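Next come the chains, spelled out residue by residue.
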Amino acid sequence: MKIFLDSADIQEIRELTQTGLIDGVTTNPSLIARSGQDIKKVIAGICDLVPGPVSAEVLAITCEDMLKEGFALSKIAPNVVIKVPLTKEGLKACKSFREQNIGVNVTLCFSPAQALLAAKAGATFVSPFIGRLDDISFDGLLLIEEICQIYQNYPSLTTQVLAASIRHPLHVVQAAKAGVHVVTVPGKVFKQMYAHPLTDKGLEIFLEDTAKTGQKITQIL
Ligand code: G3P
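Residues numbered from 1 in each chain as written. Predicted model: local features only at pLDDT ≥ 70, side-chain atom pairs only at ≥ 80, totals over all residues. Heavy atoms only, no water.

Undergrad: Go over the pattern of salt bridges, please, and point to the residues and values.
TA: Pairs can form between side chains of opposite charge once their charged atoms are near each other. What the rule picks out here adds up to nine salt bridges. Here Asp-209 ties to Lys-212 by a salt bridge, and the two come within 3.0 Å at their closest N and O atoms. Of the two residues, Asp-209 and Lys-212 are both situated in helix α11 (residues 197-213); the distance of three residues between them amounts to about one turn of the helix. When its relative accessible area of 36% is taken as the criterion, Asp-209 is described as partly exposed. By relative accessible area, which is 67% here, Lys-212 ends up exposed. Ionic contacts of the salt-bridge type, sharing partners, join the residues Glu-64, Asp-65 and Lys-68 into one network. (Salt bridge = Lys/Arg side-chain N within 4 Å of Asp/Glu carboxyl O. Helix = DSSP H or I, 4+ residues; strand = E, 2+ residues; numbered from the N terminus. Buried < 20%, exposed > 50% of the residue type's maximum accessible area, 1.4 Å probe, protein only.)

Undergrad: Before we move on, can you summarise helix α5 (residues 88-99) with the specific residues and values?
TA: For α5, with 12 residues, the first-to-last C-alpha span of 17 Å sits near the 16 Å given by 1.5 Å per residue. Taken together, the buried positions of α5 are occupied by Glu-89, Gly-90, Leu-91, Ala-93, Cys-94, Ser-96 and Phe-97. After α5 finishes, the residue Asn-101 shows a positive phi value of roughly 65°. (Expected span 1.5 Å × (residues − 1).)

Undergrad: I'd love a proper account of the site of the ligand, names of residues and values included.
TA: Around the ligand, a shell composed of Asp-6, Asn-28, Lys-83, Phe-129, Arg-132, Ala-164, Ser-165 and Arg-167 is seen. In the model, an oxygen atom of the ligand is placed 2.6 Å from a nitrogen or oxygen of the Arg-167 side chain. For the ligand, whose free accessible area comes to 310 Å², the fraction covered by protein is 82%. Grouping the amino acids of the shell around the ligand by side-chain chemistry returns two nonpolar, two polar and four charged. (Near = heavy atom within 4 Å. Polar contact = N/O pair within 3.5 Å; in protein donor to acceptor, adjacent residues only side chain to side chain. Areas by Shrake-Rupley, 256 points an atom, 1.4 Å probe, with all protein chains shown as cover. Nonpolar A, V, L, I, M, F, W, Y, C, P; charged D, E, K, R; others polar.)

Undergrad: Report on the sheet that holds strand β5 (residues 104-109), specifying residues and quantitative values.
TA: Read around the closed barrel, eight strands run β1-β2-β3-β4-β5-β6-β7-β8, paired in parallel fashion. Neighbour-to-neighbour, the strand axes of this sheet turn through a mean angle of 30°, independent of strand direction. Alignment of strand β7 (residues 160-163) against strand β8 (residues 182-185), held across two bridges, turns out to be parallel. Its bridge partner lying in β8, Ala-163 is registered against Val-183. (Pairing = 2+ DSSP bridges. Axes fitted to C-alpha atoms, helices over the stretch in contact; angles between N-to-C directions.)

Undergrad: An account of the packing of helix α1 (residues 10-17) against helix α10 (residues 187-194) is needed here, citing residue identities and associated values.
TA: How two helices sit against one another is set out by the angle between their axes and by the gap between those axes. It is at 11 Å that the axes of α1 and α10 come closest, and there the two elements cross at 25°. Between α1 and α10, the angle is such that the two are roughly parallel. Crossing handedness for the pair α1 and α10: left-handed. On the side of α1, the interface is formed by Glu-12, Glu-15 and Leu-16, while α10 contributes Gly-187, Lys-188, Phe-190 and Lys-191. Residue composition of the contact of α1 with α10, by class: two nonpolar, one polar and four charged. (Parallel < 35°, antiparallel > 145°, perpendicular 65-115°, else oblique. Left-handed = near helix turned anticlockwise from the far one by under 90°. Contact = heavy atoms within 4.5 Å.)

Undergrad: Mind laying out a negative patch on the surface, listing which residues take part and the relevant values?
TA: Judged by side-chain charge, Asp-134, Asp-139, Glu-145 and Glu-146 come together as a negatively charged surface patch. Among the secondary structure elements, Glu-145 is positioned in helix α8 (residues 140-153). When its relative accessible area of 37% is taken as the criterion, Glu-145 is described as partly exposed. (Patch = residues over 30% accessible without salt bridge, like charges linked within 9 Å, V, L, I, M, F, W, Y side chains within 5 Å. Lys, Arg positive; Asp, Glu negative; His and termini not counted. Charge placed at Lys NZ, Arg CZ, Asp CG, Glu CD.)

Undergrad: So what's going on with the side chain of Asn-28? Residues and values would help.
TA: On the secondary structure map, Asn-28 appears in the loop between β2 (24-26) and α2 (29-35). Engagement of the side chain of Asn-28 in a polar contact is seen with the backbone nitrogen of Ser-30, the distance being 3.0 Å. Within polar-contact distance, the side chain of Asn-28 engages the backbone nitrogen of Leu-31 at 2.7 Å. Beyond its immediate chain neighbours, meaning those up to four positions away, Asn-28 contacts Glu-57 and Lys-83.

Undergrad: Help me get a handle on the nonpolar core, residues and values and all.
TA: Counting 60 residues, the largest nonpolar core has Val-84, Val-183 and Val-185 as its most contacted members. Here the element with the most residues in this core is α8; it accounts for five residues. Setting aside its immediate chain neighbours within four residues, Val-183 contacts Met-1, Lys-2, Ile-3, Phe-4, Ala-163, Ile-166, Val-172 and Ala-175. With seven residues, the next largest nonpolar core counts Phe-4, Val-81, Ala-164 and Val-182 among its residues. (Core = buried A, V, L, I, M, F, W, Y, C linked by side-chain atoms within 4.5 Å.)

Nothing here speaks to function; it is geometry throughout.
And the structure:
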């Protein structure tokens, strides 16, 4: 399973890509707005840091305008993936981009039927939102499970399920159990994935015990 960062914060992306565990980045208009930077500068900066796919979202509503914006975004760097909303116009734009071999992430997916259409439109990624469904008391995980099951029934569908709107590490684990291809996580959730109080406590004890022996591994080299 690939792990993407859901972020437009260059500093955070720089810090976390140094782990070597980040396979790509997703952005959205809200994250770009929060960065306070202009779209082209942020996307170019992220693409410099991350060789994997970097999703950049169109802001247009019509297919025609989405195509114009998408082509402009795709010129920023070769690893830009165009993010389009899961609307009729977005699906049309997705099909057209894919016919021209441009990667597409179809976002704002909230139902299995929508995900089926995204796959039919040849999307590279479909982004079902777990957290935003949970927020309104619908089962976000169930959506993920249903999409994975549908895609598995039709192996000729090549669209990758990219679990988005992840709020905590349990969402990541549940999405992985369902068999998603990718999770996109905020930096905070990535950090929560490796943090564990028993790991910290255990390390503290090992260091204390080692200090008592007065030994160092470097001494045996
Ligand atoms: O980028 C799409 C998605 O991950 C947004 O997450 O937390 O705004 O629901 P959130």
